[in-house]
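# Report on the structure
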Amino acid sequence: MKTIIFGGTTEGREQAALALARGESVLVSVTSEYARQFLPEGAACHIGALDEAAMKAWIAAERPERVIDATHPFAVRATQTIRACADALHIPYVRIERAADRHEDWRDAVTWAGNSEEAAALAALCAGNILLTTGSHTLSVYAKVIEPERLFVRVLPTHQALDLCAAAGMVQSHVIAMQGPFSREFNAALYDQLRIRTMVSKDSGQPGGVADKVLPALERGIDVVMIERPKEDKR
């Protein structure tokens, strides 16, 4: 059996390992060379973003028995494209949806935002240093409304992420380029070192380390702005 898996996420790597253990032929699609290095041994890999036409042609050429979508919960457009291609080719589609972190001890203590623009506006109203843990792709949204001297960002250690930081006008010493996951203790030390007063995160579940970011922030009286997870089509 041949399986195509989309996503360099934790779930994507887990699904690849499970399929390989069952003796399946596995082909994983990721968007960067950086993501490839974390895949299990034995998994073939396609690197690079695909638009709908290119994705449909590629899946048709590979002729898998099923397609697994293990992309990030915030990658809404990718999920829509993968599902549309699988449906058009009449190939079984499986969505691996990451469980949300539902710890009641923090969900009512944070400020919720519907999207990056709303989160940036809320963070801009807060005093003191702001740490973004939302990645590099939406960094320009925050840089437009928050003074660079009080904006800090944690991103993946890739050339693409660093280029986006430079394009957004980030202060070089305010860029923390590291690969997670990060422990609660590490996050606490980072908040203390940078004198953070507001932390911005996505509600991406425990594989994204959300609770380990939020709890030490709340313990320090740090304001937390949390971006809600997009609603997925359940059909």
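See above for the structure.
In this report, we go over the structure that sits alongside the text. The structure presented is a predicted model; accordingly, all values stated were derived computationally and were not measured.

Turning our eyes to something else, we now look at the packing of helix α3 (residues 52-62) against helix α4 (residues 76-88). Contact geometry of α3 with α4 gives a least axis separation of 9 Å together with a crossing angle of 45 degrees. Taken together, α3 and α4 sit at an angle that is classed as oblique. By crossing handedness, the relation of α3 to α4 is classed as right-handed. In this structure, α3 uses E52, M55, K56 and I59 to contact α4, whose residues at the interface are T81, I82, A84, C85 and A88. In terms of residue class, the contact of α3 with α4 is made up of six nonpolar, one polar and two charged.

For the rest of this paragraph, the subject is unusual backbone geometry. Of note, the amide linkage connecting G180 to P181 takes the cis form, showing an omega dihedral of 5 degrees. Structurally, P181 can be placed in the loop between β9 (175-177) and α9 (184-194). The phi angle at R63 is positive, at roughly 55 degrees, despite the residue not being glycine. Mapping R63 onto the fold places it in the loop between α3 and β4 (66-69). Take R63: its relative accessible area is 66%, and that puts it in the exposed class. Unusually for a residue other than glycine, H90 sits at a positive phi of about 60 degrees.

Moving on, we get to the sheet that holds β9. Pairing in this open sheet of six strands is parallel, and the strands run β6-β11-β10-β7-β8-β9 from one edge to the other. Across the chains shown, the open sheet's two edge strands, defined by having one partner strand only, are β6 (111-113) and β9. Direction aside, neighbouring strands of the sheet carry axes that sit 20 degrees apart on average. Strand direction decides the pairing type here: strand β7 (residues 129-132) and strand β10 (residues 196-202), joined by four bridges, are parallel. Counterpart to L132 in the pairing with β10 is V200. Taken strand by strand, helix α6 (residues 116-124) contacts β6, β7, β10 and β11 (223-227), and its axis lies near 140 degrees from that of β6.

Turning next to the environment of E52. Structurally, the position occupied by E52 is in helix α3. For E52, a relative accessible area of 45% corresponds to the partly exposed category. In this structure the C-alpha to C-alpha distance between E52 and A78, which are 26 residues apart in sequence, comes to 9.1 Å.

What counts as what
Residues numbered from 1 in each chain as written. Predicted model: local features only at pLDDT ≥ 70, side-chain atom pairs only at ≥ 80, totals over all residues. Heavy atoms only, no water. Axes fitted to C-alpha atoms, helices over the stretch in contact; angles between N-to-C directions. Helix = DSSP H or I, 4+ residues; strand = E, 2+ residues; numbered from the N terminus. Parallel < 35°, antiparallel > 145°, perpendicular 65-115°, else oblique. Left-handed = near helix turned anticlockwise from the far one by under 90°. Contact = heavy atoms within 4.5 Å. Nonpolar A, V, L, I, M, F, W, Y, C, P; charged D, E, K, R; others polar. Buried < 20%, exposed > 50% of the residue type's maximum accessible area, 1.4 Å probe, protein only. Pairing = 2+ DSSP bridges.

Fair warning: the whole summary comes from geometry, so function is off the table for now.
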